[in-house]
Amino acid sequence: MVSVVVLAYNVEDYILKCIESIRKQTYSQLEIIVVNSDSKDNTGVICQELARIDKRIKYICKKNEGPGAARNMGFSLATYSYITFVDGDDWIEKNMYSYLLCQLQEQDADIVGFLYRDDYYNKEARTDDGNSISEFIIGKHRNGPTATIELLFKKNTSTFLN
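Each value, and the rule that gives it
- Residues numbered from 1 in each chain as written.
- Predicted model: local features only at pLDDT ≥ 70, side-chain atom pairs only at ≥ 80, totals over all residues.
- Heavy atoms only, no water.
- Core = buried A, V, L, I, M, F, W, Y, C linked by side-chain atoms within 4.5 Å.
- Buried < 20%, exposed > 50% of the residue type's maximum accessible area, 1.4 Å probe, protein only.
- Helix = DSSP H or I, 4+ residues; strand = E, 2+ residues; numbered from the N terminus.
- Contact = heavy atoms within 4.5 Å.
- Pairing = 2+ DSSP bridges.
- Right-handed = clockwise from strand over helix to strand, strands pointing away.
- Phe/Tyr/Trp six-rings, centres within 6.5 Å; stacked < 30°, edge-to-face > 60°.
- Lys NZ or Arg CZ within 6 Å of the ring centre and 35° of its normal.

Counting 26 residues, the largest nonpolar core has Val4, Val6, Ile15, Ile22, Leu30, Val34 and Tyr97 as the members making the most contacts within it. Considering every element that reaches this core, the biggest residue donor is helix H4 (residues 96-107), with 5 residues. In this view, Tyr97 contacts Val2, Val4, Gln25, Tyr27, Leu30, Thr84, Val86 and Ile92; residues no more than four positions away in its chain are not counted. Residues Val5, Val35, Ile60 and Ala78 belong to the second largest nonpolar core, which totals 7 residues.

Looking at helix H1 (residues 15-23), one finds that the buried residues are Ile15, Cys18, Ile19, Glu20, Ser21 and Ile22. Along its buried surface, H1 packs onto strand S1 (2-8), strand S2 (30-36), helix H2 (43-53), strand S3 (57-61) and strand S4 (82-87).

Here we take up the pairing of S3. Alignment of S2 against S3, held across 5 bridges, turns out to be parallel. Its bridge partner being in S3, Ile33 is matched across the sheet by Lys58. For the crossover from S2 across H2 to S3, the handedness is right-handed.

Further remarks concern the environment of Cys47. Following the sequence through the fold, Cys47 ends up in helix H2. The spacing of Cys47 and Ile60 is 13 residues in sequence and 9.3 Å in space, taken between C-alpha atoms. Leaving out residues up to four positions away in the same chain, Cys47 has contacts with Ile15, Ile19, Val34 and Tyr59.

Take the packing of aromatic side chains next. Going through the model one piece at a time under the given rule, you end up with 0 aromatic pairs. It is Lys17 that lies over the ring of Trp91; its NZ or CZ is 3.8 Å from the centre.

Backbone geometry places Asn10, a non-glycine residue, at a positive phi of 50°. Mapping Asn10 onto the fold places it in the loop between S1 and H1. The exposure class of Asn10 is partly exposed, given its relative accessible area of 31%. Backbone geometry places Asp38, a non-glycine residue, at a positive phi of 55°. Inspection of the secondary structure assignment puts Asp38 in the loop between S2 and H2.

What follows is the structure, encoded as structure tokens:
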């Protein structure tokens, strides 16, 4: 099973689309942990309503101490073997977790990172850094911090091994 930590801070315009993209995954055995960092808009109200209608959602509101503290809180509350993070102003492809779990099993991976696409609303500019979830980076047989650092700074979609 997968724990999904959602960071939410003043994202009332985006949070519904974000959480719905998680709720409607083809892989449904998810725990969704929404960490609201004391938003000043209606983010909390929206998240509380979603938690009321979907028992997979755990809603937490905490003092705003930055995204690192929110991630750490979500991480500490996660109960499943795999933990992922989604920012409250982002959304994911409907088969992302099915694909992720398949890749983890096939590649015997320790960590997986996906590329992303920026969509700029109300502007003509659009930057594509990745076209689909099939573009990913895998960390395998490394200790946690080393794998994470290498994953974050990897420029292409190839796999890195021992």
